[in-house]
Amino acid sequence: MSDLKNILFLLFILILVSSVRGQEIADSSKNDGWFNYMQVSYLHGHHTDFEGYRQLLEGNFHGVGFRLGKQSTGRQAWQVVHAYPKYGIGFSIYDLGTENVDELFGKPVSYYLFYSEPILSVSEKFRLNADLEIGLATAFHKYDPDNNPEQNIIAAKTNLHANMSLELYYLLTERIDVAMGISFLHFSCGRMATPQKGINMLGFNLSSTYHYNSPRYKQFAEKPYRRPALIKREKPEFKPYSEISIMAAIGNVQAEPGDWKHKNGDMDSTQNVGPRYFTNSVTVDYAYQFNHKLKIMGGVDFFYDRSVENYYGTTSPDALNFNDKAFYGAHAGLQYVVGKIALMFNYGRYIYKPFEERGKWYMRAGGRFEILPKLDAQISLKTRDERVADWIEWGLVYKYRKR
């Protein structure tokens, strides 16, 4: 499982790198070089009281992070639209709490991509950035019914790492920035392994950034500029358009210990993790993009989850039919478009569900990447009971645009 996740992570890196490359305008001496920077950060905070497991996660968490990043210059249109964002790669090491917490959960290490976009410039010295990290966190001590039964929150050694922050930067010198901010951090595996509740943390961070330039051309090597000169140009014209899309996705989930039954209909009593089940999602959406960045959307969902066979009492799984495992919903949401990548969020309500479990509301959060003008790849997390992970959707999206 961890090998598969690492392969998918590397593929995601390659896709992102290819998406930010493209046609560039002519270089000037101020924009020569890669304009890389290094950032070191410290995080400190507490675990949020979610699902009543606060007693297992004693004490505050601490973390140290390191990033290698690039400051965009406006060579591509999307960089101008998004106020010259920064992006790159990084890793962080975390201590989740007390010695008892370390023994139960381990000290995870995260590897991720990050994207940081200015949302407010107070002056030439101060700016406020919205910051997102997406990647993998590994080295967890996972649940084990024999060797680690008390830890029933994280079931996989390798999990999703997601970190959303607001950062206030101050330009200290030509080379150095300092920053402080607040962060919301999440670890989970989307029910690909169980028991799975996920870890959520809220805290503050402090960071220092060192800018440097490694010139590509010899004539600029003697006195390189420390930061790029941003290319000032008008945003490209945008014409609003409507879009109809169809998304088809698959997923894979594992039943929670004690919440699955055998073929004869008897519930398991061993506290071992349950079998795996495939899931399917089909979504039809109408969307309207009214500017360069934002797209609003609404649509209907069809879900099929084979693991719901465990909701039907002592009924044998073989006695259930297609309609017993199918359910439907409707949602509204939005997408935030960055070049070929779109971050998405949906909030929905079930229209029909032949069982009471999983509540009335669900959410979907994830991203889309444009493979072809009419075809996107999608990775998203569907939730149940509003905020509890249900499954990860791996899908393709066909789009028809009408301007």
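Above this text is the structure in question.
None of the values given here were measured: they were computed from a predicted structure.

Q: Give me the lowdown on the pattern of salt bridges, citing residues and values where you can.
A: Inspection of the entire model under this criterion finds 20 salt bridges. The salt bridge partner of Glu243 is Arg401, with a shortest N-O separation of 3.2 Å. Pair noted here: Glu243 is in strand E9 (residues 241–254) and Arg401 is in strand E16 (residues 388–402), with a separation of 158 residues, a long-range link. In this structure Glu243 comes out as buried when scored by relative accessible area, which is 2%.

Q: Mind laying out empty space enclosed by the protein, listing which residues take part and the relevant values?
A: One simple way to see leftover space: roll a probe sized like a water molecule over the atoms. As enumerated under the stated definition, the model contains one cavity of 30 Å³ or more in all. Ser41, Arg67, Glu133, Glu167 and Asn205 are, among the 15 residues lining the largest cavity, the residues nearest its centre. The set of elements that each furnish at least two residues to the lining of the largest cavity consists of strand E1 (36–47), strand E5 (126–138), strand E6 (159–171) and strand E8 (199–211). Here the lining of the largest cavity gets four residues from one element, more than from any other, and that element is E6.

Q: Residues and numbers for the pairing of strand E11 (residues 294–305), please.
A: As judged from the 11 bridges shared by strand E10 (residues 276–289) and E11, these two strands associate in the antiparallel manner. Paired with Tyr288 across the two strands is Ile296, which belongs to E11. Taken together, E10 and the strand that follows it, E11, pair antiparallel across an intervening segment of four residues. Both E11 and strand E12 (residues 326–338) contribute to a ladder of 11 bridges, which runs antiparallel. In the strand pairing of E12, Val300 is matched with Ala330.

Parameters at a glance
- Residues numbered from 1 in each chain as written.
- Predicted model: local features only at pLDDT ≥ 70, side-chain atom pairs only at ≥ 80, totals over all residues.
- Heavy atoms only, no water.
- Salt bridge = Lys/Arg side-chain N within 4 Å of Asp/Glu carboxyl O.
- Helix = DSSP H or I, 4+ residues; strand = E, 2+ residues; numbered from the N terminus.
- Buried < 20%, exposed > 50% of the residue type's maximum accessible area, 1.4 Å probe, protein only.
- 1 Å grid on protein atoms, 1.4 Å probe; cavity = no way out; pocket = protein on both sides within 12 Å on 5 of 7 lines; lining within 4 Å.
- Points joined across faces, edges and corners; volume = space filled by probe spheres on them.
- Pairing = 2+ DSSP bridges.

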